[in-house]
Amino acid sequence: MQNQLLILVVEDETALVTMLRYNLEKEGYKVVDVGDGEDALAFVAERKPDLVILDWMLPSLSGIEVCRQLRRKPATRETPVIMLTARGEEGDKIRGLNTGADDYVTKPFSLPELMARVRALLRRAQPLPQKGNLSFGDVTMDLSAHRVVRGERQIHLGPTEFRLLHYFMQHPGNVFSREELLNAVWGPDIYVEPRTVDVHIRRLRKALNGDDNSDIIRTVRAAGYALDLSKAA
Ligand code: CA
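So, how was this worked out
Residues numbered from 1 in each chain as written. Predicted model: local features only at pLDDT ≥ 70, side-chain atom pairs only at ≥ 80, totals over all residues. Heavy atoms only, no water. Pairing = 2+ DSSP bridges. Helix = DSSP H or I, 4+ residues; strand = E, 2+ residues; numbered from the N terminus. Axes fitted to C-alpha atoms, helices over the stretch in contact; angles between N-to-C directions. Contact = heavy atoms within 4.5 Å. Buried < 20%, exposed > 50% of the residue type's maximum accessible area, 1.4 Å probe, protein only. Polar contact = N/O pair within 3.5 Å; in protein donor to acceptor, adjacent residues only side chain to side chain. Core = buried A, V, L, I, M, F, W, Y, C linked by side-chain atoms within 4.5 Å. Donors = N, O, S within 2.8 Å, 3.2 Å for Na, K, Ca; no water. Expected span 1.5 Å × (residues − 1). Phe/Tyr/Trp six-rings, centres within 6.5 Å; stacked < 30°, edge-to-face > 60°. Parallel < 35°, antiparallel > 145°, perpendicular 65-115°, else oblique. Left-handed = near helix turned anticlockwise from the far one by under 90°. Nonpolar A, V, L, I, M, F, W, Y, C, P; charged D, E, K, R; others polar.

Draft legend 1. The arrangement of the sheet that holds strand E8 (residues 147-150) in detail. With respect to topology, 4 strands assemble into an open sheet ordered E6-E7-E8-E9, the strand pairing being antiparallel. Of all strands in the sheet, those with a lone pairing partner are strand E6 (133-136) and strand E9 (153-155), marking the two edges. Neighbouring strand axes in the sheet, compared pairwise and without regard to direction, differ in orientation by 25 degrees on average. Pairing geometry for E6 and strand E7 (residues 139-142), over 4 bridges, is antiparallel. Bridging across to E7, Ser135 finds its partner in Thr140. Packed onto the sheet, helix H8 (residues 194-209) meets E7, E8 and E9 and runs at close to 165 degrees relative to E9.

See the structure below:
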């Protein structure tokens, strides 16, 4: 493993923290834990973690609110976040992803499953092996600098949205099903519900479109998504 990656665990159940710390450290990660949302925000103001494991139910600030604030701060806007929650309801899950979490695990979870998700998300957050630029219409991806620009505007994307856009821009015009996108971007080794793709596509669209740009992603009913070639000129 390269430099020790820093994982911030935000959780108030001490037994769970102990278990997470033990297992994450065993895999070679450095772990810092805090027991509430305020402390989490204070920590990230000083140091930037490589990944955050964030519990939904926390004293004072909720995990949702912490996630929202992480996404607002330039330093942590692109930091991968895995949300933990005791609620298994679909609505909550989508809400969690909509506030900017990159993945979501329902308690009680299996440890190997969480570890697989941590690894997969860290992998997605790593720089791509390719160099150079990709362009589509007025969107340019600078792969070595991990930067996306649309026209004059810099676009900030989370690790998953960056990988999605990269995949689309390598295959402009191709229609990809949710399953194909899951395999290409999330990887075949973890199970993610196909609907998760829709949430990340929505986030990618929102980031790319801003207030006044046209939508370059085409939704193909019952088939999937593609870059819209009519917007490429
Ligand atoms: Ca909790």
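What follows picks up the thread again.
Draft legend 2. Geometry of the side chain of Asp102. Along the chain, Asp102 falls in the loop between helix H4 (90-98) and strand E5 (103-106). In this structure Asp102 comes out as buried when scored by relative accessible area, which is 0%. A polar contact of 2.9 Å, which involves the side chain of Asp102, links it to the side chain of Arg71. Those residues in contact with Asp102 that lie beyond four places of it in its chain are Arg71, Thr79, Pro80, Val81, Leu97, Leu121, Arg124, Pro159, Thr160, Glu161, His200 and Arg203.

Draft legend 3. Region of the structure containing the nonpolar core. Leu165, Phe168 and Leu181 are the most contacted members of the largest nonpolar core, which has 31 residues in total. Taken together, the elements giving at least two residues each to this core come down to helix H5 (111-125), E7, helix H6 (159-170), helix H7 (178-186), H8 and strand E11 (224-227). With 6 residues, the single largest contributor to this core is H6. Sequence-distant contacts of Leu181, defined by excluding residues within four places in its chain, comprise Leu164, Tyr167, Phe168, Phe176, Trp186, Val197, Ile201 and Tyr225. Of all hydrophobic cores here, the second largest spans 22 residues; its members include Val32, Ala40, Leu54 and Val66.

Draft legend 4. Just the coordination of the calcium ion, in detail. Only Glu11 (OE), Asp12 (OD), Asp55 (OD) and Met57 (O) from the protein coordinate the calcium ion, and they sit 2.0 to 2.9 Å from it. Site description for the calcium ion: donor spacing in sequence, E-D-x42-D-x1-M. Of the two residues, Glu11 is situated in the loop between strand E1 (6-10) and helix H1 (14-26) and Asp55 in strand E3 (residues 51-55); the sequence distance between them amounts to 44 residues.

Draft legend 5. Structural view of the pairing of strand E10 (residues 217-220). Examined bridge by bridge, E10 and E11 share 4 bridges and lie antiparallel to one another. Residue Thr219 lies in a different strand from E11, and its bridge partner there is Tyr225. The antiparallel pairing of E10 with E11 creates a hairpin that spans 3 residues between the two strands, and Ala222 there sits at a positive phi of about 65 degrees.

Draft legend 6. Molecular detail of H8. Look at H8: 23 Å from first C-alpha to last across 16 residues, which is about the 22 Å you get at 1.5 Å a residue. The complete set of buried residues in H8 reads Thr196, Val197, Asp198, Val199, His200, Ile201, Arg203, Leu204, Arg205, Leu208 and Asn209. Positive backbone phi, at 55 degrees, marks Gly210, one or two positions downstream of H8.

Draft legend 7. Focus on the environment of Gly35. Considering the arrangement of structural elements, one finds Gly35 in the loop between strand E2 (30-34) and helix H2 (37-46). Spatially, the C-alpha atoms of Gly35 and Glu161 are 29 Å apart, while their sequence positions differ by 126 residues. Setting aside its immediate chain neighbours within four residues, Gly35 contacts Glu11, Asp12, Leu58 and Pro59.

Draft legend 8. View of the packing of aromatic side chains. Following the criterion strictly, the structure yields 3 aromatic pairs and no others. With centroids separated by 6.2 Å and ring planes inclined at 50 degrees, the aromatic side chains of Phe168 and Phe176 adopt a geometry described as tilted. Comparing Phe168 with Phe176 shows no difference in burial state: the two are buried.

Draft legend 9. Broad picture of the packing of H2 against helix H3 (residues 63-72). Across the interface, H2 lies against H3 with an axial gap of 10 Å and an inter-helix angle of 15 degrees. Overall, the two elements H2 and H3 adopt an arrangement that is roughly parallel. When you trace H2 past H3, the crossing you get is right-handed. Along the contact surface, H2 presents Gly37, Ala40, Leu41 and Val44, while H3 presents Val66, Gln69 and Leu70. For the contact of H2 with H3, the residue count by class is 5 nonpolar, 2 polar and no charged.

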